[in-house]
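Now for the letters of each chain:
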Amino acid sequence: MEKESKLSSMTRRWRKRRLYARLRQHLPMAELACIDDHEAVDAVEPAVIDWPAGLCKPRCGVVQDPGPYPRWTKYRRFLEHNGFEYGIYNLHAHDWLEKVQGYDVIIGMPSSEFWHLEETRRKYRFIQAHFGKTTYPSPEHAALYEDKELEACLAEICGMPFAKTYVSHDRNDAHCLVDTLTYPVVSKTFPASGSIGVELVRNRQAAHRLVEQAFSSTGRKSHMVALRQKNYIYLQEYIPSDGYDLRVIVVGNRLFGNYRKAPEGDFRASGMYLGEFRALPEEAMRIALQVNAFVKSPAMAVDMLHSPDGAYRIIEMSPITQVQNSEWLQVDNVAGAYIFDNDSFTFQPGLYWIDELALREFFLGSYLPRAIQGGLHAGVALEVQDK
């Protein structure tokens, strides 16, 4: 059993290396397809929204996201159950501009692949600027998603307890920077998730080599064949932890989360599939709430480490996340959510699809206030109940 555990740990670590990611892309691999997991979705009580009387519901275009844990099926169930008119909208098709005019709201993020990110960010900005239509995520939140540099900038100006982060897009400045740092440090590329593109830089010499590779004429090889690390470095202080990182997800006044264990001999926990479910620390939940008070996203995932001084430090955050099931928080083996009310947290048992709750939060916190304040529906009072 111990041998199997060590082998499994080595396999997980190997799969996060740049070489493995690049080799896999040269081997036959099936393209990710859009799947319909409605049976799993329908096993959970649907989220409900009470719509103000006299206010027309928008017609929604749903963008599908490929992969084993789709968000679009949760969006579809929410829209169907709450009586919204909707259709599947192909953001990638040649007639996307023509078809968008048939919708009031566009919902969904295709994936975190860089080509999807760039396309979605550009088109969502265009849709909002030239058609006055609303998107979820908003152009601002789509820009923040998988952009680690923007995350660090936002954390700095808002005074968040973010791990010390250093980003440079200038070769000479980068060489000067790495001479001032204490080692080891963590190097990251983006877009990337699940610890892919995350490496430990152990000394100054290795850091200078990284700079030279990143600022070379061809850039530094990354985990993606089609994208190199070119003309930037992203370095973050190395924080010794208690062997876990912690992800807290905020959706309105509900909080979910879990612990992710780093394999033996590694400092990376995300994407290693060694999750543990137990009660979340209040300090970490308050930090996540503070982050979303600045970002104002329908959903917000905040990844933290418990540092040796006892404090929690944010290492990454994201307005879009991927969840595998409806039990993303468990306390004493009971699934549920923390409810934040009157400055305190109460655990509420239950099963929840976080993406469904996030879409409801988008309508409650973003779409409805804008629709009514914009004078689109004169005389309609905003009376929405959170069920």
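Numbers given for residues are sequential positions, taken from 1 along each chain in its written order. Owing to the predicted nature of the model, reporting of local features is limited to residues with pLDDT of at least 70; listing and counting of side-chain atom pairs is limited to 80 or more, with chain, interface and lining totals taken over all residues. Side-chain descriptors were evaluated using all non-hydrogen atoms of the structure, hydrogens and water having been removed beforehand.

1. Some details on the packing of helix α4 (residues 72-81) against helix α12 (residues 354-373)
- Note on definitions: angles span 0 to 180 degrees between N-to-C directions of axes, and those axes are lines fitted to C-alpha atoms, for helices only across the stretch in contact. Under the scheme used here, helices are H or I runs from DSSP no shorter than 4 residues and strands are E runs no shorter than 2 residues, and both carry numbers assigned from the N terminus. Two numbers describe how α4 lies on α12: the axes approach to 8 Å, and their chain directions differ by 55°. Here α4 lies oblique to α12, going by the angle between them. Between α4 and α12 the crossing geometry is right-handed. Counting all contacts with α4, which are made through Lys74, Tyr75, Arg77, Phe78 and Leu79, the residues of α12 involved are Asp355, Glu356, Leu359, Arg360 and Phe363.
- Gly falls in the polar group here, along with every residue not listed as nonpolar (Ala, Val, Leu, Ile, Met, Phe, Trp, Tyr, Cys, Pro) or charged (Asp, Glu, Lys, Arg). Residues that form the contact of α4 with α12 fall into these classes: five nonpolar, no polar and five charged. Under this scheme an angle from 65 to 115 degrees is roughly perpendicular, one under 35 degrees roughly parallel, and one over 145 degrees roughly antiparallel; angles in between are oblique. Left-handed is the label given to a crossing in which the near helix is rotated counterclockwise from the far helix by less than a right angle, and right-handed is the label when the rotation is clockwise. Throughout, a residue-residue contact means that at least one pair of heavy atoms, one from each residue, lies within 4.5 Å.

2. Overview of helix α11 (residues 282-295)
- In a helix, the anticipated span is given by 1.5 Å times the number of residues less one. In this model, α11 (14 residues) spans 20 Å end to end at C-alpha, consistent with the 20 Å of a helix rising 1.5 Å per residue.
- Taken residue by residue, α11 has Ala284, Met285, Ile287, Ala288, Leu289, Val291, Asn292 and Val295 as its buried positions.
- Phi turns positive one or two residues past the end of α11, at Lys296, with a value near 60°. Here the term buried applies to any residue with accessible area under 20% of the maximum for its type, exposed to any over 50%, and partly exposed to those in between, with areas from a 1.4 Å probe on protein chains only.

3. Comments concerning the sheet that holds strand β6 (residues 185-188)
- Any two strands are treated as partners once DSSP identifies two or more bridges connecting them. An order of β5-β10-β6-β7 is seen for the four strands of this open sheet, with the pairing classed as antiparallel. Either end of the sheet is taken by a strand with one partner, and the two such strands are β5 (165-168) and β7 (198-201). Within this sheet the neighbouring strands show an average axis-to-axis angle of 25°, counted without direction.
- Here β6 pairs with β7 via four bridges, running antiparallel. What sits directly across from Lys188, in β7, is Val198.
- Taken strand by strand, helix α8 (residues 148-158) contacts β5, β6 and β10 (233-237), and its axis lies near 50° from that of β10.

4. Focus on the sheet that holds strand β4 (residues 134-136)
- Judged by pairing direction, the sheet is parallel, and its four strands sit side by side in the order β2-β1-β3-β4 without closing on themselves. Sheet topology places β2 (86-88) and β4 at the edges, where each strand pairs with a single neighbour. Direction aside, the axes of adjacent strands within the sheet are offset by 20° on average.
- In terms of strand pairing, strand β1 (residues 60-62) meets strand β3 (residues 105-107) through three bridges, oriented parallel. If you follow Cys60 over to β3, its bridge partner there is Val105.
- α4 rests against β1, β2, β3 and β4 of the sheet, and its axis sits at about 155° to β2.

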